[in-house]
Amino acid sequence: YKVSLEAYAHQGVSLDQIISELQPKRNPGQDRPIRILFDWQEDINHLPTNLHVPSDSLNKFVIDGEQTYADAARFDIWMSIRRVDEDLVLWAEYNTDLFDSSTISRLFGHFQALLTGSLANPDMRISDLPLLSTEEQQQLLGAWNETAKDYSLEPCIHELFEAQVQRTPDAVAVACDEAHLTYEQLNQRANRLASALVERNVGPDTIVPLFAHRGFDFLLGMLAVFKAGGAYLPLDLRDPAQRTHQLLKQSRSRLLLTAKELMPVLSDILEDLPVEERPLILCVSDALEQDYAVDNLPTRCTPQHMAYVIYTSGSTGVPKGAMVEQRGMINHLYAKVHDLQLTDSDIIAQTAPQSFDISVWQFLVALVVGGRVQIFRDEIAFDPTRLPGQVSLHQITVLETVPSLLRAVLALRSRSGFEHESLRSLRWLMLTGEALPPDLAHQWLHWYPDIPLINAYGPTECSDDVTHYPFDSLPDANVSLIPIGRPIINTQLYVLDAWLQPVPVGIAGELYVGGVGVGRGYLYEPKKTAQTFIPDPFSSKPGARLYKTGDLVYYRSNGNLEFVGRVDHQVKIRGQRIELGEIQAILNQHTAVREAALVMREDKPGDKYLVAYVVPDQGQLLDTHELYHFLQEKLPPYMVPSAFVLLDEMPLTSNGKVNLRLLPTPERIRPDLRNAMVPPRTETEEMLAEIWVQVLGIDAVGIYDNFFELGGHSMLSIQLMAQIQDTFQVELSLHHFFERPMIAELGLIIDKILLDEIENLSEEEVLQLLQDET
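Anyway, here's the lowdown on the structure attached to this text. (Residues numbered from 1 in each chain as written. Predicted model: local features only at pLDDT ≥ 70, side-chain atom pairs only at ≥ 80, totals over all residues. Heavy atoms only, no water.)

### Considerations on the nonpolar core
If you look at the biggest cluster of nonpolar residues, it comprises 73 residues, and the most contacted ones within it are L186, L219 and L364. Sort the elements by how many residues they give to this core and helix 7 (residues 216-228) lands first, with ten residues. The contacts of L364, once residues within four sequence positions are left out, are I157, L219, M222, L223, F226, M329 and L333. Counting residues in each nonpolar core, the second largest holds 47 residues, with I578, V593, I691 and V695 among its members. (Core = buried A, V, L, I, M, F, W, Y, C linked by side-chain atoms within 4.5 Å. Buried < 20%, exposed > 50% of the residue type's maximum accessible area, 1.4 Å probe, protein only. Helix = DSSP H or I, 4+ residues; strand = E, 2+ residues; numbered from the N terminus. Contact = heavy atoms within 4.5 Å.)

Structure (structure tokens):
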């Protein structure tokens, strides 16, 4: 009653004023605010004159969704209750561009359930009153979650692998570049390494960090840790030393596996750790040279023990270690086998960074069906000019990538003169890590109509993917994002409100994950674990839990889920999960920073990038170069903002929050770098400078400016390399560019390539070339 009176006191405030003040976060695919009028009228004369109220509808609830009586809706929804004698009539006028009759019928049904529940339980809180009918409850909680499959989760992953070794010992298990290992070779090496780990007291739930390139050593390390009974912790070689140092300290690991060539790098990382906290180091090659037995070890763990720990971005500035158990990991592998119909003839592309959760199934799933895993090194996996050719060369049947990389691949595919790959061996293309725009799916199906797609979704805390959405044709034209689909086997998904009540079809709520794939929680973080992993109110199994994803989704009427956005400040850029709060917390550690705010911008469709807005402390001098390097030393490359904006004051709303709408767009000028801008000296450098200015959208560039310090990122570097190859007609890899991201260095490489090509020309070809020029 009090709330209603307060609302009536402000009834003159328009929706536009409310939106301007609240500044609600908008997300792709999220509906605009809805204009709703709800009124009560005692006078029957206020009913529309052409609205027929059947006499048999009185004294009961009747919905007639076919009547129309207005050429244009005055509101998006106008619901009205009118008294007719001793009965009440509920009618609605609605915008048919936004709603159909089935949606309004559901709305009426929910209103009826709410009224019925309130009459039966007048003292109950509104949030606890039933909203759904019994049939809807059964559909949302039961029918759409009937995912049980009788896959045995008793064997651990290494036991499944060992059984496959017995069946196909001489088949190729893994390949990288031109080298390969058979199932028997891989198993024997893993057994030797596992024996070395057991000798060093690795057992159930022992965490062993792996510091190695994606290749044979890394896969051997994974299998050996499993055989020893432990759990592996992947470390990303691209992370700065301080980040790796932090993860090692947080994990409290006592033993670390690495490759011999990485020992100098690792020594620098461990130098700052106290001696008593430094893990012992075991080189893979050293262990393999020892005279350890090649036979399988007795099983030393159960499916309830940990399989791996993967660290994710943390909102408080500290990364979180997500723990996943063997049974959850194995269930996910079975889900991939089931939904992709994998067999021993499949060749799976391993493209994801080892610290990314999708790498787990990419490494392992082929090994449980007798197939082959083909490991692509970074210089191929992230290069759209080379990846399609390598997929074709190695006859890959299943490829997984992020939409942003696929967009770059298809942009090259559509260019005239670009050598197109047929990809005849490819059976599935999987997309993950980002929302999938329909236009991107349309482009793929235009070029490759016989290769279906799967849109996959899943959090690191839940054994990777929890939904699959396979499709080989586009959905309805009015969708803004491709659905994320339905739950995988032995997984339950619930869309709930703030009171853990299921929300109706078409209404956005937070996604909660249940089932065998729910992880154990966060390593050494019981408080965070309790906040995010909660008791499952819909399960009868003792100890069952739900994972609170923080993702907003809604159910479509066909049971598929569609992603809407986040309930917090977490974002995803190029498939990487980023907590803006972590970057902000580290920025605030800088002695000259008074206040900082992080924003993900998308000024051009598909080009997402991070911007840091910083207010310096009074009297302190700051430049963007200093801030860039401060974060570069502490964060992975994908978490370092592409632009920094210095402000005198942070714009605030009336309630004291940062006013995101008033944060300025980063100026497209050359940032304040410490090195002076040196202009191009040669024709090659001039042409390169023009390309850089165009791709980065800035006013000028110097030949010693670092591409990434100018705001460049991995996807922009792909565009840059494509234009360079178009302009100079030379073959360059992204690997070369990442090592030399300056015009001066790149210009020398291009000039050398062109000079070598000229020197290899015959006399006739030189004469022809001169004639063409004249």
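Let us keep going from here.
### Things to note about the sheet that holds strand 27 (residues 593-604)
In spatial order, the strands read 27-28-29; together these three strands make up an open sheet with mixed pairing. In this open sheet, the two edge strands, each paired with only one partner strand, are strand 27 and strand 29 (643-646). When strand polarity is set aside, the average angle formed by the axes of neighbouring strands in this sheet is 25°. Of the pairings in the sheet, the one linking strand 27 to strand 28 (residues 607-616) comprises nine bridges and is antiparallel in character. Within the sheet, the bridge partner assigned to L598 lies in strand 28 and is A612. Contacts from helix 19 (residues 624-632) reach strand 27, strand 28 and strand 29 within the one sheet, and its direction differs from that of strand 29 by about 130°. (Pairing = 2+ DSSP bridges. Axes fitted to C-alpha atoms, helices over the stretch in contact; angles between N-to-C directions.)

### Remarks on the environment of A173
In this fold, A173 is placed in strand 4 (residues 172-176). A173 sits in the buried class, given a relative accessible area of 0%. For the pair A173 and N187, spaced 14 residues apart in sequence, the C-alpha to C-alpha distance is 9.6 Å. Ignoring anything within four residues of it in the chain, the contact list for A173 reads L181, T182, Y183, L186, L367, G371, R372 and V373.

### Let's talk about the sheet that holds strand 3 (residues 87-94)
Reading across from one edge, 1-2-3 is the order of the three strands in this open sheet, with mixed pairing throughout. A strand with exactly one partner marks an edge of an open sheet, and here the two such strands are strand 1 (36-41) and strand 3. Recorded for the sheet is a direction-independent mean angle of 15° between the axes of neighbouring strands. With six bridges joining them, strand 1 and strand 2 (residues 77-84) adopt parallel strand pairing. Residue pairing for strand 2: D39 is matched across the bridge by S80.

### Let's talk about the packing of aromatic side chains
Under the defined criterion, the tally for this structure stands at 16 aromatic pairs. Arranged with centres 4.7 Å apart and planes meeting at 15°, the rings of Y151 and Y334 form a pair that is stacked. Taken together, the positions of Y151 in the loop between helix 4 (134-142) and helix 5 (157-167) and Y334 in helix 11 (residues 326-340) put the pair 183 residues apart, joining distant regions of the chain. A relative accessible area of 28% means that Y151 is categorised as partly exposed. Centroid distance F226 to Y232: 5.9 Å. Interplanar angle 75°. Geometry classified as edge-to-face. No difference in accessibility class separates F226 from Y232, as the two residues are buried. Site record: aromatic cluster; members linked through ring pairs are F218, F226, Y232, Y308 and F363. Positioned over the ring face of Y524 is R252, at 3.8 Å from the centre of the ring. The aromatic ring of W361 is capped on one face by K336, whose charged end is 5.1 Å from the ring centroid. (Phe/Tyr/Trp six-rings, centres within 6.5 Å; stacked < 30°, edge-to-face > 60°. Lys NZ or Arg CZ within 6 Å of the ring centre and 35° of its normal.)

### Some points on the pairing of strand 7 (residues 231-234)
Walk down a regular strand and you will see the side chains alternate between the two sheet faces. Side-chain alternation along strand 7 places A231 and L233 on one buried face and Y232 and P234 on a second face that is also buried. Across four bridges, the pairing between strand 6 (residues 207-211) and strand 7 is parallel. The residue of strand 7 that forms the bridge with I207 is A231.

### Structural notes on unusual backbone geometry
The phi angle at R252 is positive, at roughly 60°, despite the residue not being glycine. Note that R252 resides in the loop between helix 8 (241-251) and strand 8 (255-258). Residue class for R252 comes out exposed when judged on its relative accessible area of 53%. A positive phi angle, near 55°, is found at S463, a position not held by glycine. You can see S463 is positioned in the loop between strand 16 (453-457) and strand 17 (467-471).

### Let's talk about the packing of helix 18 (residues 580-587) against helix 19
One can describe the packing of helix 18 onto helix 19 by two numbers: an axis separation of 10 Å at closest approach and a directional angle of 115°. Between helix 18 and helix 19 the crossing geometry is right-handed. Two secondary-structure elements touch here, helix 18 through I583, I586 and L587 and helix 19 through L627, F630 and L631. Tallied by class, residues from the contact of helix 18 with helix 19 come to six nonpolar, no polar and no charged. (Left-handed = near helix turned anticlockwise from the far one by under 90°. Nonpolar A, V, L, I, M, F, W, Y, C, P; charged D, E, K, R; others polar.)

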